[in-house]
Amino acid sequence: PWPICGSLHPHRRHLLARPFSRTETPQWGDYEIPKEFNFASDVMDHWARMEKEGKRDPLIPALWWVNDKGDEVKWNFQELGDLTRQAANVLTENCGLQRGDRLLLILPRIPDLWLLTVGCIRAGVVLLPGTIQLTARDILYRLQSSKAKCIVTNETSALAVDSVASDCPQLKTKLLVSEKSLDGWLDFKTLLKAASVDHTCVKTKMQEPMTIFFTSGTTGTPKMVLHTPGLALRSCLPSTRQVLKLTSSDISWCLSDPGWILSFVASVLEPWSSGTCSFIHQMPQFKPEAILKTLSRYPITYMTAAPSVYRMLLQLDVSSYKFPTLKHAATGGDALLPEDFEKWKKATGLAIHEIYGQSETGLTCAVPRGIKIKKGSMGIAIPPFDMQIIDEKGNTLPPGIEGEMAIRIKPTRPICLFSGYVDNPEKTSSSERGDFYITGDRGTIDEDGYIWYLGRDDDIIKASGYRIGPSEVENALAEHPAVAESAVVGSQDPLRGEVVKAFVVLTPEFRSHDPDKLAQELQQHVKKITAPYKYPRKVEFVEALPKTITGKIKRRELKENEKKLNL
Ligand code: BCO
């Protein structure tokens, strides 16, 4: 039975008071792989039918969106069905997109983003999500490397797109989501209103591309991680559903930016597979107080956020807030510190359940609801993944021995694992060793199958839940006249886990400059060149960088020194 919350606005009380059907989820067996699967027709339309048949309460929204100005949007599955069919028609009829064409989607957390996400799936258009922090140069790289035929964005990023579009000959359509209109851009809101609600959903084959996520590597530019509908089917499998145990009465809030796989999984696939309401709060900036107020004010039952978000919330007096409906908290994107687990539990009475995954793997390990929590462990592998710890030859290691965290891909590659890095067979094959896909993370496994994360095996930086490639930051720094050379590593940080730290050797003409001002100038410079979340929060000027005899920068040495300094 649900608690009745007296302080809740009367029109929301029904959401707490009425438990509804929890068992009508579309289900496949754990090892059953259909030939075709489309999340829109097989899952979203299933729930719309459940509403019509009285098996899901249509008054519980499927998407509940709010912002700071008091605006609110609530759509149930039937409404989402019509709107996403209209969105699919806009993509195919107005934008001229065909099955298999690629679309780059860069939008803040506005309802249209979810319409376009499902619209792409309905039409078989391959979705490439991007964070709104992307700069013109990031957008250019993504458009050129993906050969996307369409970009969808708001008026802020439209200017950046227009500054690079002439260098992207394959880009055919620019779709604007805004109250305003812009020359050269189609107007999504107007087209959506005029579009037909009739649309025949594509019957997507299991091997067809569905989404591509850009992810940072140790070297070079971000790589394109290709997923098939297997990623979405996975959310319907019985073993996956045991992890979150969401029901059609739940209201689930994922705070991750829509550019990341965490948001795709936790604000689209997981909630909607279970008929759960996906709650979204669009905030102009990240404000911990606003998050706590939202958790107290709305009947949210389930939240997912990166560990740094919990850490930032815990800097406030969390126990002075009441979260009358919250019954489950999850975290992913980075390792959760045991002390943050304790503090959150003390303040709210709730444990934080860890989820581990990557752009390549989606939900990989987790602490499912109801299993014993071992603080500091990211939980157990979730089928169909078999996660093992392996050595450099690809042999599995026994409990307690440190090695690389790896997913078994032979004899059967799990359907929900990425299919490869687009146009990059070398990188794809270098991510495999023997019978395994190697995650690049190090860890141990214990006798009960719990995985204990120990850190990255390479130079990738995990800061605030972001995966940051050092070379992307070094390349941005190299464009500043003050920088002769630089090396970028992760440096421990109490709030963000790690932050980006740049060791910079200055060019002679800048050596006499004020170091503090110069550091700030370099930080601003990086924010302009590439997505600002990557900027070096720490800058240290050095005479020289440690190098091997062949001239390769020893990032590892710098990282180790940082660790010792921060102990
Ligand atoms: O801290 P600063 O103010 O110096 O800089 C911030 C922003 O102010 C700034 N910025 C943002 N937009 C800008 C801009 N500057 C100039 N122009 C713009 N247009 O850049 C910095 C961005 O840093 P941030 O994003 O870390 O910001 P913030 O406000 O500190 O946010 C804190 C967090 C915790 C909310 C944020 O870091 C966050 O959302 N982290 C979680 C990331 C996440 O969701 N990861 C999951 C990835 S998927 C995955 O791992 C697979 C798991 C299954």
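Residues numbered from 1 in each chain as written. Predicted model: local features only at pLDDT ≥ 70, side-chain atom pairs only at ≥ 80, totals over all residues. Heavy atoms only, no water.

### Overview of the site of the ligand
Taken together, 20 residues are adjacent to the ligand, and S256, S464, Y466, R496 and Y535 come closest. One nitrogen or oxygen atom from the main chain of G465 is found 2.9 Å from a nitrogen atom belonging to the ligand. Side-chain polar atom of R537 to an oxygen atom of the ligand: 2.8 Å apart, as the coordinates give it. Here the ligand loses 71% of its free accessible area of 1100 Å² to cover by the protein chains. Within the residue set of the shell around the ligand, elements represented by two or more residues are α10 (261-273) and α12 (307-313). Within the shell around the ligand, the residues separate by chemical class into 11 nonpolar, six polar and three charged. (Near = heavy atom within 4 Å. Polar contact = N/O pair within 3.5 Å; in protein donor to acceptor, adjacent residues only side chain to side chain. Areas by Shrake-Rupley, 256 points an atom, 1.4 Å probe, with all protein chains shown as cover. Helix = DSSP H or I, 4+ residues; strand = E, 2+ residues; numbered from the N terminus. Nonpolar A, V, L, I, M, F, W, Y, C, P; charged D, E, K, R; others polar.)

### Observations concerning the pattern of salt bridges
Inspection of the entire model under this criterion finds 33 salt bridges. Between R442 and E402 there is a salt bridge whose closest N-O contact spans 2.8 Å. Separated by 40 residues along the polypeptide, R442 in strand β21 (residues 436-445) and E402 in the loop between β17 (387-390) and β18 (403-408) bring together distant segments of the chain. Of the residues examined, E402 reaches a relative accessible area of 42% and is grouped as partly exposed. Ionic pairing is found between R456 and D458, a salt bridge with its closest N-O pair at 2.6 Å. Note on R456: relative accessible area 14%, which makes it buried. Note on D458: relative accessible area 19%, which makes it buried. Connected via shared salt-bridge partners are D45, D82, R85 and R122. (Salt bridge = Lys/Arg side-chain N within 4 Å of Asp/Glu carboxyl O. Buried < 20%, exposed > 50% of the residue type's maximum accessible area, 1.4 Å probe, protein only.)

### Structural notes on the packing of aromatic side chains
All chains considered together, the criterion is met by 16 aromatic pairs. When the ring centre of W64 is taken as origin, the NZ or CZ atom of K74, which lies over that ring, is 4.6 Å away. One residue, K427, lies across the ring of Y421, its end atom 5.2 Å from the ring centre. (Phe/Tyr/Trp six-rings, centres within 6.5 Å; stacked < 30°, edge-to-face > 60°. Lys NZ or Arg CZ within 6 Å of the ring centre and 35° of its normal.)

### Quick look at the nonpolar core
Grouped together as the largest cluster of nonpolar side chains are 80 residues, with contacts concentrated most on F39, L103 and W272. For this core, the element with the most residues is helix α4 (residues 111-123), which contributes eight residues. Ignoring sequence-local partners within four residues, the contact set of F39 consists of M44, I121, A232, V268, L269, W272 and S273. Counting residues in each nonpolar core, the second largest holds 45 residues, with A160, L477, V483 and V500 among its members. (Core = buried A, V, L, I, M, F, W, Y, C linked by side-chain atoms within 4.5 Å. Contact = heavy atoms within 4.5 Å.)

### What about the sheet that holds strand β25 (residues 483-493)?
With mixed pairing, three strands are arranged side by side in an open sheet as β25-β26-β27. Since the sheet does not close on itself, it has two edges, and those belong to β25 and β27 (538-541), each with one partner. Direction aside, the axes of adjacent strands within the sheet are offset by 25 degrees on average. Inspection of the sheet shows strand β26 (residues 497-506) paired to β27 by four bridges, in the parallel sense. (Pairing = 2+ DSSP bridges. Axes fitted to C-alpha atoms, helices over the stretch in contact; angles between N-to-C directions.)

### Topic: helix α15 (residues 470-478)
Of all nine residues in α15, seven are buried, a share of seventy percent or more. All buried positions along α15 are accounted for by P470, S471, E472, V473, E474, A476 and L477. Those residues of α15 hidden inside the fold are in contact with β23 (461-463), β24 (466-468), β25, β26, α16 (515-529) and α17 (555-566).

### Describing the environment of E72
Along the polypeptide, E72 turns up in strand β2 (residues 72-75). Looking at E72, the relative accessible area reads 33%, which means it is partly exposed. For the pair E72 and L565, spaced 493 residues apart in sequence, the C-alpha separation works out to 48 Å. A polar side-chain atom of E72 sits 2.8 Å from a polar atom in the side chain of W64.

### Regarding the pairing of strand β12 (residues 302-305)
Residues Y302 and T304 of β12 are buried on one face, and the alternating residues M303 and A305, pointing to the opposite face, are buried as well. Judged from the four bridges that link them, β12 and strand β13 (residues 328-331) form a sheet pairing that is parallel. Paired with A305 across the two strands is T331, which belongs to β13. Assessed by its sense of winding, the connection that carries the chain from β12 through α12 to β13 is right-handed. (Right-handed = clockwise from strand over helix to strand, strands pointing away.)

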